[in-house]
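# Structural overview for review
Each chain is listed here by its residues.
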Amino acid sequence: MTVPTENEDSLSSILRSAHVLLKEFMDEGVDRFQALPNHVLRTEKTSAAAGPEAGQATSVETVATPPSTSADPSAGLPGLPSLSLEELRAASANCTNCQLAEGRTHVVFGEGSPNADIMFVGEGPGEQEDLRGIPFCGRAGELLTGMIEKGMGIGRQDVYICNVVKCRPPQNRTPLAEEVASCRGFLDAQIQRVAPKVIVALGKPATSLLMGQAVAISKVRGTWQSYRGIPVMPTYHPAFILRQYTAENRRLVWQDLKTALEKSTTD
Ligand code: URA
């Protein structure tokens, strides 16, 4: 038997860790990685070596900005006074706080009932959403709408739907830390204005942002979390379900939505 050298040992330990990490990304619906330009990597907190994981590791950091716990409802709204939901929408239309403004067709602020008991938070607009200015109106949106209307038995117009970032990231990549940070005042304000009984966080970026730490969605989905005292139910993103359209994944999401619906009607 050949005894592995120290280098071989550490190489196989690196490979094992990479395997675990890749499996986790796959579980979460990640199907591609994007190399980030050097200037972005230099400004990120994660000093992961450039490589396939670098972009994703950066994206994980992206969403780890802790939520403000201040009792002041306008905390987390840098530069935004106490505007109504519609005034916030108008303000967002001219936003140039981050580089996503350059590539957008429309700001996708969010839509739904300002008195909704349930709020859905996704990641960021895709192509259709950018073209139409409406959240979740593409394929993933059709699935989400079906889950809300056919599954939960409520009208889409009776819930509130929005995203972590309001402008489409290029090639639908995960929003970067600075983009999330620039935009989060709008989300904080939307949650504060709508004051839902329950938030459903769709996928990892929304869940991590609301929880204030980077989490694996496969680990936390289906478990109650909290954002400034509002119960948060993390579940898989509908785009992930479209890619991994298994009976088990659909069952899990349905279970999470039912749990969220129950809480919104009983508490
Ligand atoms: N995916 C999202 O996260 N949000 C949308 O609005 C559409 C697709």
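See the structure shown above.
What comes next is a walk through the structure. (Residues numbered from 1 in each chain as written. Predicted model: local features only at pLDDT ≥ 70, side-chain atom pairs only at ≥ 80, totals over all residues. Heavy atoms only, no water.)

## Remarks on the packing of aromatic side chains
- Inspection of the entire model under this criterion finds two aromatic pairs.
- Geometrically, the ring pair formed by F109 and F186 is edge-to-face, given 6.3 Å between the ring centres and 85° between the ring planes. In this pair, F109 sits in the loop between α5 (100-103) and β1 (111-112) while F186 sits in helix α8 (residues 177-194), placing the two residues 77 residues apart along the sequence.
- A relative accessible area of 1% places F109 in the buried class.
- Geometrically, the ring pair formed by Y236 and F240 is tilted, given 4.7 Å between the ring centres and 50° between the ring planes. Summarising the burial analysis for this pair, Y236 and F240 share the class buried.
- Just above the ring of Y245 sits the side chain of R250; from NZ or CZ to the centre is 4.0 Å.
- A cation sits over an aromatic face here: K263 above W224, 5.1 Å from the ring centre. (Phe/Tyr/Trp six-rings, centres within 6.5 Å; stacked < 30°, edge-to-face > 60°. Helix = DSSP H or I, 4+ residues; strand = E, 2+ residues; numbered from the N terminus. Buried < 20%, exposed > 50% of the residue type's maximum accessible area, 1.4 Å probe, protein only. Lys NZ or Arg CZ within 6 Å of the ring centre and 35° of its normal.)

## Some details on helix α4 (residues 85-93)
- Among the residues of α4, L85, L88 and S92 are the ones counted as buried. In an axial view of α4, the angular spread of the buried residues amounts to 55°, which keeps them on one side of the axis.
- In this fold, the buried residues of α4 make contact with β3 (160-163) and α8. (Arc of directions from axis to C-beta. Contact = heavy atoms within 4.5 Å.)

## A look at the site of the ligand
- Taken together, G122, E123, G124, E129, P135, F136, N163 and H237 make up all the residues around the ligand.
- G124 places a main-chain nitrogen or oxygen 3.0 Å from a nitrogen atom of the ligand.
- Relative to its unbound accessible surface of 240 Å², the ligand loses 91% to contact with the protein.
- Considered class by class, the residues forming the shell around the ligand number two nonpolar, four polar and two charged. (Near = heavy atom within 4 Å. Polar contact = N/O pair within 3.5 Å; in protein donor to acceptor, adjacent residues only side chain to side chain. Areas by Shrake-Rupley, 256 points an atom, 1.4 Å probe, with all protein chains shown as cover. Nonpolar A, V, L, I, M, F, W, Y, C, P; charged D, E, K, R; others polar.)

## What to know about the nonpolar core
- Ranked by internal contacts, the top residues of the largest apolar core, which has 30 residues, are M119, V121, Y160, I191, I199 and L210.
- Counting residues per element, this core draws most heavily on α8, which supplies seven residues.
- Dropping the residues within four chain positions of it, Y160 is found in contact with L85, F109, G110, E111, G112, S113, A116, I118, M119, F120, Q190 and V194.
- Formed by 26 residues, the second largest nonpolar core is a distinct cluster that contains L143, L144, V198 and L252. (Core = buried A, V, L, I, M, F, W, Y, C linked by side-chain atoms within 4.5 Å.)

## Some points on the packing of α4 against α8
- At a minimum axis distance of 10 Å, the contact between α4 and α8 shows a crossing angle of 165°. Taken as axis vectors, α4 and α8 run roughly antiparallel relative to one another. The way α4 lies across α8 gives a crossing that is left-handed. Touching L85, L88, A91 and S92 of α4 are F186, A189, Q190, R193 and V194, all from α8. (Axes fitted to C-alpha atoms, helices over the stretch in contact; angles between N-to-C directions. Parallel < 35°, antiparallel > 145°, perpendicular 65-115°, else oblique. Left-handed = near helix turned anticlockwise from the far one by under 90°.)

## What about the sheet that holds strand β4 (residues 198-202)?
- With mixed pairing, the six strands of this open sheet are ordered in space as β1-β3-β2-β4-β6-β5. On the outer flanks of this sheet lie β1 and β5 (225-227), each paired with one strand and no other.
- The strands that α8 touches are β2 (118-122), β3, β4, β5 and β6 (230-235); relative to β3, the one it contacts most, it runs at about 165°. (Pairing = 2+ DSSP bridges.)

## A short note on empty space enclosed by the protein
- Under the counting rule described, the total for this entry stands at one cavity of 30 Å³ or more.
- One number sums up the size of the largest cavity: a volume of about 100 Å³.
- Looking at the largest cavity, it is lined by 15 residues, and the ones nearest its centre are C95, C98, K166, C167 and C183.
- Counting only elements with at least two residues in the lining of the largest cavity, the list comes to α5 and α8.
- For the lining of the largest cavity, the element with the highest residue contribution is α8, accounting for four residues.
- Looking at the lining of the largest cavity, its residues break down into nine nonpolar, three polar and three charged. (1 Å grid on protein atoms, 1.4 Å probe; cavity = no way out; pocket = protein on both sides within 12 Å on 5 of 7 lines; lining within 4 Å. Points joined across faces, edges and corners; volume = space filled by probe spheres on them.)

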